[in-house]
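# Geometric and topological summary
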2 protein chains.
Amino acid sequence: MSAARPGGRSAVEGAELGARAKSASDKRRLILDAAVRVFARQGFHACRVSDIADEAGVAYGLVYHYFASKDEVLDTLFLERWNVMLELIREVDREQIPVREKLSAIASFIVDSYRHDPDLMKVIIVEVTRAANSFGNTHIATIREAYDLIGGMIAKAQAEGVFKPEIEARFAAMAFYGAIEQLLTGWIFELLPQGEENFERAKWLVVETVCGGLETRSAE
Amino acid sequence: MSAARPGGRSAVEGAELGARAKSASDKRRLILDAAVRVFARQGFHACRVSDIADEAGVAYGLVYHYFASKDEVLDTLFLERWNVMLELIREVDREQIPVREKLSAIASFIVDSYRHDPDLMKVIIVEVTRAANSFGNTHIATIREAYDLIGGMIAKAQAEGVFKPEIEARFAAMAFYGAIEQLLTGWIFELLPQGEENFERAKWLVVETVCGGLETRSAE
DNA sequence: GAAATCGTTGACTGACCAGTCAATCTATCG
DNA sequence: CGATAGATTGACTGGTCAGTCAACGATTTC
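Since the model is a prediction, treat every value here as computed from it, not as a measurement.

### Comments concerning the interface of chain A and chain B
With 47 residues of chain A in contact, the opposing surface of chain B contributes 47 residues. Elements supplying a minimum of two residues to the side of chain A that touches chain B: helix H6 (118-129), helix H8 (140-159), helix H9 (169-188) and helix H10 (196-214) of chain A. If you tally residues by element for the side of chain A that touches chain B, the top one is H9(A), at 14 residues. The residue makeup of the side of chain A that touches chain B, split by class, is 25 nonpolar, 14 polar and eight charged.

Right under this line is the structure:
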């Protein structure tokens, strides 16, 4: 439909979307970004849809023009981010590098996600990843995919003799992911010091600890 | 006040409380236990106070006779359990045993808590431990105490040369606790197999992995 | 420039539910 | 027995808020 616009005001600014379409997608983004801040500040249950609209500077009804429900706003935020992570994990998995580097890349990605947008990661962890009765249950299959991919990497390393075989891969994957998530939780609750250096050390710590414990050379 | 009952119906059954007092504390317990089931099944926000009353088989108003609010019911459940854990950790900390055994005792306690009452642990993890905007924030000091105690154990082991010094103790403590909590989360979401054997292996796994990664002999 | 399309507005409604309270019941004691 | 205190009941209230909708505004098309 946008292709059927021969004359127009010319495509001077490259891939133009037209004032209307552009404004529309801008507003949607505006609402999503506002929702992240509001959810992070007050929590999903404690905030009202009007808080999101106010934060975004739009009318209440507009939220319902772009999203079917309050839930859908959170669903969208979660899926946007989680799918990027899944893509990263799949990419890493395809590469021909040692497990330690693969796990390091995953830890880096998660920590950098927090560094880049702490509010979003707070919302995802607090409202989705552990919410066994609401959103966590809805997205369980998507969440699980990440755990399974990591578990696969560990299982492969065990088959290759790099990791001890006596620790079940799925359990080790959960422990690895849980360790990272708890470090983010520590930052979210302000129990751990933040800042560039601490983020870098945290990445290293998780990989060093978990790989150190899983690698065969330290087996007895 | 209960001591001021000389005659009564005799203390045949040992430390008797009197029909009234006994019935009262029974009902309170009944409500707490019912609340655990309801919170685990529906989640704190999704359930109504009437659901708790119905599950307990008492009238709606009685919940408010024993608790000032719906929140207080959850607060009570959390504190009851968390304080038992804090006591266990402190006890373990006093003993003169290797860190590995201390951490093993803590992992055992948490896993056994889940085995003994999965619903309660589900509620604590899902509704409190990670709830940065509601209960988690209220109980942050209490939660933190556990992390700090574990961090202290690790720091001591580092000072003794048993653990590598280059991994900050507080971070390692969070990673350790997070690994365990994520295993419980795996059971809660039914992503990991349960049963006696798996519980025992999980305890071993976490300690083996984390200690294996922290101990000096595997340092390079 | 008229019509169609879609973005935008915010007042309104219907459902829901935490917490209150006055009434009723039951045990204990003088 | 009668009185007192505490346990128990459940109907009711007041406030909250997700989602609706009818109207208005801006842009594009013919």
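After that view, the rundown keeps rolling.
### Let's talk about the relation of the copies chain A and chain B
It takes a turn of 180° to lay chain A on chain B, together with a shift of 0.0 Å along the axis; the resulting RMSD is 0.0 Å. Those values place the two copies in the arrangement expected of a two-fold rotation axis. Measuring from the rotation axis to each C-alpha of chain A, the shortest distance belongs to Gly213(A), at 2.1 Å. Looking at the interface residues of chain A, 100% of them are also at the interface in chain B, so both copies use one shared face.

### Some points on helix H5 (residues 99-116) of chain B
Helix length check: H5(B) (18 residues) gives 25 Å between terminal C-alpha atoms against 26 Å at 1.5 Å per residue, within 8%. The secondary structure elements touched by the buried residues of H5(B) are helix H4 (70-94), helix H6 (118-129), helix H8 (140-159), helix H9 (169-188) and helix H10 (196-214) of chain B.

### Remarks on unusual backbone geometry
Positive phi values are uncommon outside glycine, yet Glu190(A) reaches one of about 60°. In this structure, Glu190(A) sits in the loop between H9 and H10.

### A closer look at the packing of H5(B) against H10(B)
All names here are of chain B. Where H5 meets H10, the axes come as close as 9 Å, and the angle between the chain directions of the two elements is 145°. Here H5 runs over H10; the crossing is right-handed. Residues Arg100, Leu103, Ser104, Ala107, Ser108, Val111 and Arg115 of H5 lie in contact with H10, whose contacting residues are Phe199, Ala202, Lys203, Val206, Val207, Val210 and Cys211. For the contact of H5 with H10, a count of residues per class yields nine nonpolar, two polar and three charged.

### A closer look at helix H4 (residues 70-94) of chain A
Look at H4(A): 37 Å from first C-alpha to last across 25 residues, which is about the 36 Å you get at 1.5 Å a residue. If you check which residues of H4(A) are buried, you get Val73(A), Leu74(A), Leu77(A), Phe78(A), Ile89(A) and Val92(A).

### Comments concerning the confidence of the model for chain A
Per-residue confidence for chain A gives a mean pLDDT of 91; residues scoring 70 or more make up 90%. Between residues 1-15 of chain A, whose pLDDT stays under 50, and residues either more than four places distant or in other chains, the model counts four contacts.

### Thoughts on the packing of H8(A) against H9(A)
Residue and element names in this part refer to chain A. Following both chains from N to C, one finds H8 and H9 inclined at 125°, their axes separated by 8 Å at the closest point. The angle between H8 and H9 falls in the class oblique. For the pair H8 and H9, the sense of crossing is right-handed. Two secondary-structure elements touch here, H8 through Tyr147, Ile150, Gly151, Ile154, Ala155 and Gln158 and H9 through Ala169, Arg170, Ala172, Ala173, Met174, Phe176 and Tyr177. Its residues assigned to classes, the contact of H8 with H9 shows 10 nonpolar, two polar and one charged.

### Observations regarding the nonpolar core
Counting residues in hydrophobic clusters, the biggest one holds 130 residues, and the most contacted among them are Ala175(A), Leu183(A), Ala175(B) and Leu183(B). If we skip the residues at most four places from it in the chain, Leu183(A) touches Leu192(A), Ala202(A), Val206(A), Phe171(B), Met174(B), Ala175(B) and Gly178(B).

Cut-offs applied
- Residues numbered from 1 in each chain as written.
- Chains lettered and ligands numbered in written order.
- Predicted model: local features only at pLDDT ≥ 70, side-chain atom pairs only at ≥ 80, totals over all residues.
- Contact = placed C-beta atoms within 7 Å.
- Helix = DSSP H or I, 4+ residues; strand = E, 2+ residues; numbered from the N terminus.
- Nonpolar A, V, L, I, M, F, W, Y, C, P; charged D, E, K, R; others polar.
- Least-squares fit on C-alpha atoms with pLDDT ≥ 70 in both.
- Expected span 1.5 Å × (residues − 1).
- Axes fitted to C-alpha atoms, helices over the stretch in contact; angles between N-to-C directions.
- Left-handed = near helix turned anticlockwise from the far one by under 90°.
- Buried ≥ 20, exposed ≤ 12 C-beta atoms within 10 Å, placed from the backbone.
- pLDDT = per-residue confidence, 0-100.
- Parallel < 35°, antiparallel > 145°, perpendicular 65-115°, else oblique.
- Core = buried A, V, L, I, M, F, W, Y, C linked by C-beta atoms within 7 Å.

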